[in-house]
Amino acid sequence: MPWQPRRPRVQAPPVPELPEVETIRRQLGPRLAGRRIVGATAHPSAKFAPATRAVGATVGDLRRRGKYLLADLDDDRELIVHLGMTGSLRCLPAGPRDDPYERAVWALDDGTELVFRDVRRFGRLAVVSAGDHRELPTLASLGPEPFDPALDDAAFASALRASSRAVKTQLLSQRPVAGVGNIYADEALWRAGVHPGDRRLTRPASAGLLAAVRSVLAAGIEHGGTTLRDYVDAEGRRGTNQLHLDCYGRAGEPCTRCGERLRSGTLDARTTTWCPRCQPPRAPRTLRVTIW
DNA sequence: CGGGGTTCCTGGCCGC
DNA sequence: TGCGGCCAGGAACCCC
């Protein structure tokens, strides 16, 4: 019973997705390259304690896979960071900050500190042998990067056919394509005119969805990410992509394409917004949609 | 192995 | 106005 009625929410939590993580990577990469980690402190939770294992290593490239940041270390290991829902990663001057939400702090050899702040503690850190992602199963079986040329219409359609779950659930699984979360999933489905609960897509719909995923992610990167409440990039700045959202968070407002009132519900316990006119369900019998 | 459900967390919203 | 209850949400985790 995946669909439940729900009331609209005024506020939505910030969730770093691919554009937000990519924005942070681009800013942080040059600042971290060549820096030696000379010390570290971490929250005792198993999610953050691995931070201290990076002490002594020198950082190389900062890469991104989906929503994961991977910092190459010079000892054939890598430091992996997932921001979860409320995580941020910044380089700050060393010194006491009295911030109760700092979960890990790495002291660098240039006098700065790399600070991982995460209010809700849904984020996660790991230090592993290079390429050994067994302790992060979603990363280990992550789908292709959205802008990978090898991800063509046929490959995407084939990946979607591998599961009979709702198409939005599949997008959020990170398997057909990496990096899509709740915001960009709703945006892409709206742009492609695909109902989030559809379980089988036609070839044209599948191709349209891939194109839409790429365009909404590209727009997100171009605008420095989406800031709904307190997402900030590596320099503490808010993104502006929230000014360009057509669907997510707009339940009850008119569709920017057709004027119909956008509807909201939950799909697999996730807030979902869609336009009933632009995104009609292909197989109504498989869904039970209740309108608030 | 896929599908489905549960858990982790906390601030902020809602209702009384 | 104050306070307690409840909810969101990515990915790990567990069970079938």
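Quick note: structure is the one above.
Here's what I pulled together on the structure shown here. (Residues numbered from 1 in each chain as written. Chains lettered and ligands numbered in written order. Predicted model: local features only at pLDDT ≥ 70, side-chain atom pairs only at ≥ 80, totals over all residues. Heavy atoms only, no water.)

### Details of unusual backbone geometry
The test is simple: Only DSSP runs of H or I with at least four residues qualify as helices, and only runs of E with at least two residues qualify as strands; both kinds are numbered from the N terminus onward. Relative accessible area decides the class of each residue, using a 1.4 Å probe on protein chains only: under 20% of the type maximum gives buried, over 50% gives exposed, and in between gives partly exposed.
The residue Asp268 is not glycine, and still its phi comes out positive at about 50°. Within the secondary structure, Asp268 is located in the loop between strand 10 (263–267) and strand 11 (270–274). Overall, the relative accessible area of 29% leaves Asp268 in the partly exposed class. Its identity is not glycine, yet Ala269 carries a phi of approximately 65°, on the positive side. Positionally, Ala269 belongs in the loop between strand 10 and strand 11.

### Some points on the protein's contact with DNA strand B
Test applied: When we say a residue is near a molecule or strand, we mean one of its heavy atoms is within 4 Å of it. A 3.5 Å cut-off defines polar contacts: any pair of N or O atoms within that distance qualifies, except that in protein one atom must be a possible hydrogen donor and the other a possible acceptor, and neighbouring residues in sequence count only when both atoms are side-chain atoms. Gly is placed with the polar residues, together with every amino acid not listed as nonpolar (Ala, Val, Leu, Ile, Met, Phe, Trp, Tyr, Cys and Pro) or charged (Asp, Glu, Lys and Arg).
In the vicinity of DNA strand B there are 10 residues, among which Tyr101, Arg120, Arg121, Phe122 and Ser163 approach most closely. Atoms of DNA strand B within 4 Å of the protein belong to the sugar or the phosphate in 67% of instances, the rest to bases. At 3.1 Å from a phosphate oxygen of DNA strand B is found a side-chain nitrogen or oxygen belonging to Ser163. Each residue belonging to the surface near DNA strand B can be placed in one class, and the counts come to 3 nonpolar, 3 polar and 4 charged.

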